[in-house]
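Each chain, letter by letter, is given below.
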Amino acid sequence: MKQIITAPLSNSLNSLEQIEFYKLLVNSIQDYAIFLLDINGNVASWNLGAQKLKGYTSDEIIGKHFSIFYPEADRKSGKPQHKLELCNQYGRIEAEGWRVRKDGSRFWANAVITALRDPQGQLIGYAKITRDLTERKRHEDALSHVNEQLRKQSKTLTEMNKSKDEFISLASHQLRTPATGVKQFLGLVLGGYAGPLQDKQLAYIQRAYESNDRQIELVNDLLRVAQVDAGKVVLHLESHDVGALVSDVVDEQKDVFTKRRQQLIRHIPGKPVKTQVDLMRFRMVLENIVDNASKYTPEGGTVTVSVSATKDYIAVVVADTGVGIDEISFTKLFNKFSRIPNELSESVGGSGLGLYWAYKIMRLHGGDIQVESAPGQGSVFSVLLPKETAHG
Amino acid sequence: MADILLVEDDYTLRDAYAILLQAHSYALDVAGNGQEALDLCKQRKYRIILLDLMMPVLDGVGFLERARLYKTSPQTRVILLSNLSSGEDLGRALKLGAHRHVVKSDLAPDEMIALIEEELGK
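Here the structure is a predicted model, which is why all the values come from computation and not from measurement.

Across its full length, chain B holds six helices and five strands. Each helix (α) and strand (β) of chain B, taken in turn from the N terminus, gives the series β-α-β-α-β-α-α-β-α-β-α. A burial count over chain B gives 54% of its 122 residues as buried. Partitioning the intrachain contacts of chain B with sequence separation of at least 6 by distance along the chain shows that 59% fall at a separation of at least 24. Accessible surface for chain B amounts to roughly 5,400 Å². Of this, 47% is attributable to carbon and sulfur atoms.

Next up on the list: the nonpolar core. Residue and element names in this part refer to chain A. Within the largest apolar cluster, 38 residues are counted, with the highest numbers of intra-cluster contacts made by Val242, Phe282, Val285 and Val316. Secondary structure elements with two or more residues in this core: helix H7 (199–229), helix H8 (242–252), helix H10 (279–295), strand E8 (302–309), strand E9 (313–320), helix H13 (354–364), strand E10 (368–373) and strand E11 (379–386). Sequence-distant contacts of Val242, that is, excluding residues within four places in its chain, are made with Val273, Thr275, Phe282, Val307, Ile314, Val316 and Leu385.

The next subject is the packing of helix H6 (residues 134–190) of chain A against H7(A). The description of two helices packed together rests on the angle between their axes and the distance between the axes. All names here are of chain A. At their nearest, the axes of H6 and H7 sit 9 Å apart, and the two run at 160° to each other. By the criterion of interaxial angle, the relationship of H6 to H7 is roughly antiparallel. In this structure, the crossing between H6 and H7 has a hand that is left-handed. Across the interface between the two elements, Ile168, Ser172, Leu175, Arg176, Ala179, Val182, Lys183, Leu186, Gly187, Val189 and Leu190 of H6 pack against Leu202, Ile205, Gln206, Ala208, Tyr209, Asn212, Asp213, Ile216, Val219, Asn220, Leu223 and Ala226 of H7. Tallied by class, residues from the contact of H6 with H7 come to 15 nonpolar, five polar and three charged.

With that settled, the discussion passes to the interface of chain A and chain B. Listed per partner, the contact involves 18 residues of chain A and 24 residues of chain B. Of the roughly 1,800 Å² buried at the junction of chain A and chain B (both faces included), carbon and sulfur atoms supply 62%. On the chain A side of the contact with chain B, His173(A), Gln184(A) and Tyr193(A) bury the most area, a combined 32% of that side's loss. Where chain A meets chain B, there are zero salt bridges. At the junction of chain A with chain B, the criterion picks out six residue pairs in polar contact (both at pLDDT 80 or more). Mapped by element, the contributors of at least two residues to the side of chain A that touches chain B are H6 and H7 of chain A. When residues of the side of chain A that touches chain B are assigned to their parent elements, the largest contribution, 12 residues, is made by H6(A).

All names here are of chain A. If you walk across this open sheet you meet the five strands as E6-E8-E9-E11-E10, and the pairing is mixed. The strands lining the two open edges of the sheet, one partner per strand, are strand E6 (263–267) and E10. Taken pair by pair, the neighbouring strands of this sheet meet at an average axis angle of 15°, ignoring direction. Bridge analysis of E8 against E9 gives seven bridges, and the strand direction is antiparallel. Bridged to Ala309 within E9 is Ile314.

We now examine the confidence of the model for chain B. Here chain B shows a mean pLDDT of 91. Residues at 70 or above account for 98%. With pTM at 0.63, the complex prediction returns an ipTM value of 0.90.

Here is the key point about a regular strand: its side chains alternate between the two faces of the sheet. Residues and elements named next belong to chain A. Where strand E2 (residues 92–100) and strand E3 (residues 106–117) come together, nine bridges link them in antiparallel fashion. When the bridges of E3 are listed, Val100 appears paired with Arg106. The hairpin formed by E2 and E3 contains five residues between the paired strands, and Gly104 there has a positive phi angle of roughly 90°.

Bringing the packing of H7(A) against H13(A) into the picture now. Residue and element names in this part refer to chain A. As a packed pair, H7 and H13 sit with axes 10 Å apart at the nearest point and diverge in direction by 35°. When you trace H7 past H13, the crossing you get is left-handed. For the pair H7 and H13, the contacting residues are Arg224, Val225, Val228 and Asp229 in the first and Tyr356, Trp357, Lys360, Ile361 and Leu364 in the second. Looking at side-chain class alone, the contact of H7 with H13 contains six nonpolar, no polar and three charged residues.

Here we come to the packing of aromatic side chains. Residue and element names in this part refer to chain A. All chains considered together, the criterion is met by eight aromatic pairs over all chains. Measuring from centroid to centroid gives 5.1 Å for Phe35 and Trp46, while their planes differ by 55°, and the two rings are tilted. One end of the pair, Phe35, is in strand E1 (residues 33–37); the other, Trp46, is in the loop between E1 and helix H2 (48–54), with 11 residues separating them in the sequence. Residue Phe35 is classed as buried on the basis of its relative accessible area of 1%. Take Trp46: its relative accessible area is 9%, and that puts it in the buried class. Site record: aromatic cluster; members linked through ring pairs are Phe35, Trp46, Tyr56 and Phe69. Just above the ring of Phe69 sits the side chain of Lys54; from NZ or CZ to the centre is 4.0 Å. For Arg106, the ring lying beneath its charged end belongs to Trp98, and the centroid distance is 4.6 Å.

The next thing to look at is a nonpolar patch on the surface. Residue and element names in this part refer to chain A. Taken together, the side chains of Leu218, Leu222 and Phe337 present a nonpolar region at the surface, about 260 Å² in accessible area. You can see Leu218 is positioned in helix H7. According to the relative accessible area criterion, Leu218 is partly exposed, its value standing at 33%.

Turning to the sheet that holds E3(A), a few remarks are in order. All names here are of chain A. Ordered by their spatial adjacency, four strands build an open sheet running E1-E4-E3-E2, and the pairing between neighbours is antiparallel. Looking at which strands have only one partner, the edges of the open sheet turn out to be E1 and E2. Averaged over all adjacent pairs, the angle separating strand axes in this sheet is 25°, with direction ignored. Sheet contacts for H6: E2, E3 and strand E4 (123–132); angle to E3, the most-contacted strand, approximately 125°.

Residues and elements named next belong to chain B. Most of helix H3 (residues 60–67) is tucked away, with six of its eight residues classed as buried. The set of residues buried in H3 consists of Gly60, Val61, Gly62, Phe63, Leu64 and Ala67. In this structure, the buried residues of H3 make contact with helix H2 (34–43), strand E3 (46–51), helix H4 (69–72), strand E4 (77–82) and helix H5 (88–95). Just downstream of H3 lies Arg68, where phi reads positive at about 45°.

Rules used in this analysis
- Residues numbered from 1 in each chain as written.
- Chains lettered and ligands numbered in written order.
- Predicted model: local features only at pLDDT ≥ 70, side-chain atom pairs only at ≥ 80, totals over all residues.
- Heavy atoms only, no water.
- Helix = DSSP H or I, 4+ residues; strand = E, 2+ residues; numbered from the N terminus.
- Buried < 20%, exposed > 50% of the residue type's maximum accessible area, 1.4 Å probe, protein only.
- Contact = heavy atoms within 4.5 Å.
- Areas by Shrake-Rupley, 256 points an atom, 1.4 Å probe, with all protein chains shown as cover.
- Core = buried A, V, L, I, M, F, W, Y, C linked by side-chain atoms within 4.5 Å.
- Axes fitted to C-alpha atoms, helices over the stretch in contact; angles between N-to-C directions.
- Parallel < 35°, antiparallel > 145°, perpendicular 65-115°, else oblique.
- Left-handed = near helix turned anticlockwise from the far one by under 90°.
- Nonpolar A, V, L, I, M, F, W, Y, C, P; charged D, E, K, R; others polar.
- Buried area = accessible area lost by both parts, 1.4 Å probe.
- Salt bridge = Lys/Arg side-chain N within 4 Å of Asp/Glu carboxyl O.
- Polar contact = N/O pair within 3.5 Å; in protein donor to acceptor, adjacent residues only side chain to side chain.
- Pairing = 2+ DSSP bridges.
- pLDDT = per-residue confidence, 0-100.
- Phe/Tyr/Trp six-rings, centres within 6.5 Å; stacked < 30°, edge-to-face > 60°.
- Lys NZ or Arg CZ within 6 Å of the ring centre and 35° of its normal.
- Patch = residues over 30% accessible without salt bridge, like charges linked within 9 Å, V, L, I, M, F, W, Y side chains within 5 Å.

Have a look at this one:
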C-alpha cells in the first residue's frame with residue numbers, strides 16, 4: 001500500500017535537520033548559482049550550480065569579493081558595489097548583464113540579489129541567485145539583428161518602389177507630351193482647320209494620326225500594367241447589371257464589326273444579372289476581349305457574346321470563329337508583351353499588354369479569364385465574375 | 001467675363017489649343033505657367049480655366065493654392081489638362097477646387113471642343 005503524505009516534509013523535521021535539509025537542497029541545485037555574500041560583498045557560501053556556472057570551486061571563491069564576476073569595465077566603474085547599495089536600500093534588485101567566468105569567458109546573467117537582515121533589521125549579508133541566459137540573449141540578439149535588417153530592407157524597398165512609381169509616372173508624362181502635340185496638329189489638319197486637303201493627303205495623315213494614337217495607347221497600357229503590378233489598383237466596386245454592361249460594350253463596337261464584315265451575335269438574359277464590379281475597369285476588360293475576338297477573326301466570321309449565370313459565377317463568354325491559338329502560344333497568352341504570331345497578327349497591332357492587364361483585373365475582382373482554343377477552330381474566352389460577393 | 005484661360009507651358013500644345021479654340025471664336029487668354037495665370041486672374045474672371053499641372057515657375061497646384069478660385073471666382077470651371085494620369089499633384093489639385101481631369105493625350109481636337117461646350121453649358 002502506498003504511503004500517503006499528509007503533512008509537508010519540513011514539518012516532520014526538527015530545526016537542525018531543517019537547516020541541513022535546506023543546505024542539501026541549495027547545494028544540489030545545478031541550474032542556478034545560489035550563494036551568500038557577507039555585508040562587504042565577499043562570497044560566504046557556494047553551491048554546485050555556482051561552481052558549474054562560474055567555474056570556481058568553493059575553496060577558490062569563498063572570501064573573495066563578488067566583483068570578480070563582473071567585467072573589468074563594470075568593476076572599474078564601481079557597478080558591483082553600487083548594486084549592493086541599491087539592494088540595501090530597496091531590499092531586492094534584479095539585473096541582467098554580462099558576467100565573467102573563472103576562465104575569462106563571458107555569459108549573459110540574470111541575477112537577483114536579496115538583502116538579508118536579522119530580526120532587528122540589521123543587515124547580515126546578501127543572497128544572490130544567478131541564471132545563465134546566454135542562449136536566450138543570443139536568440140534575442142539574433143532576432144533583433146534580423147528585425148533591424150528587415151526594417152532596413154523594407155525601407156530600401158519602399159524607397160525603391162516610390163522612385164520606380166515616380167519614374168513611371170514622369171516617363172509616361174514625358175512620353176505623352178510630344179505625342180499629344182502630334183495628335184493635336186494632325187487632328188487640326190484632319191479637322192480641316194488648315195484648309196482643304198486631297199483625299200490621298202487626308203488618308204496618309206489619318207494613318208499617321210492612328211499610328212500616333214497606338215503610341216499613346218501603348219503608354220497608357222504600360223502605365224496601367226505598372227500600376228497593377230505595383231499593387232496600386234484599388235477597385236471601386238458597385239453593383240451593376242453585367243448584361244446591360246456587355247450590351248453597351250458590344251453596341252459601342254458595332255461599327256468595327258460592320259467594317260470587318262463580321263457577324264455579331266449576342267445572348268443576353270432578359271433579367272438583370274447583377275454583381276459587384278469596378279465599372280470602368282471591367283468595361284475595359286470586356287472591350288479588350290471583344291476587340292481581340294474581332295481582330296483575330298477574318299472577314300465574314302462570327303463573334304458570339306453571351307452572358308450567363310451559374311451558382312457561383314456570372315460568365316461573359318466571347319466565342320469567335322477566328323484563327324485560334326496554338327499550343328505553344330496558349331501558355332504565353334497572359335504574359336506581358338505576348339503577341340500571338342498568326343496570319344492576322346501582322347495587321348492587328350497592339351502592345352501585348354491588354355490580356356495580361358485584363359487577367360490581373362479579373363483576379364482582383366475574385367474572378368478569372370478562361371480560354372479554350374485550337375488553331376483554325378476559333379477561341380472561346382470566358383470572363384468570370386463571382387456572383388454574390390467580390391474580393392479585392 | 002472672358003471665356004477661357006489656357007495655362008500650358010509646352011508651346012506646341014499651347015499653339016495647337018489656341019488655333020483650335022480661336023477657330024471656334026472663343027475669347028482666349030494664354031499663360032505659360034501658374035504665375036502668369038495668377039497675374040491674369042487678378043485682372044479678369046474666366047468661365048473656364050484649362051490648367052496644366054507640371055509647369056516651371058509656378059505649377060498647377062501652386063496656382064490653385066494661391067488663386068483660391070473657389071472664393072474669388074466660384075463660377076469658374078477648372079479643367080485639369082495634364083498628361084499625368086495619377087499621382088499626388090492630381091489629387092491635391094482636385095481637392096483645391098479643380099472640377100475635372102482630362103489626360104491630354106486622350107483628347108482629340110473635336111473632343112476638346114465638345115468638352116468646352118459641355119462646360120460652358122454648366
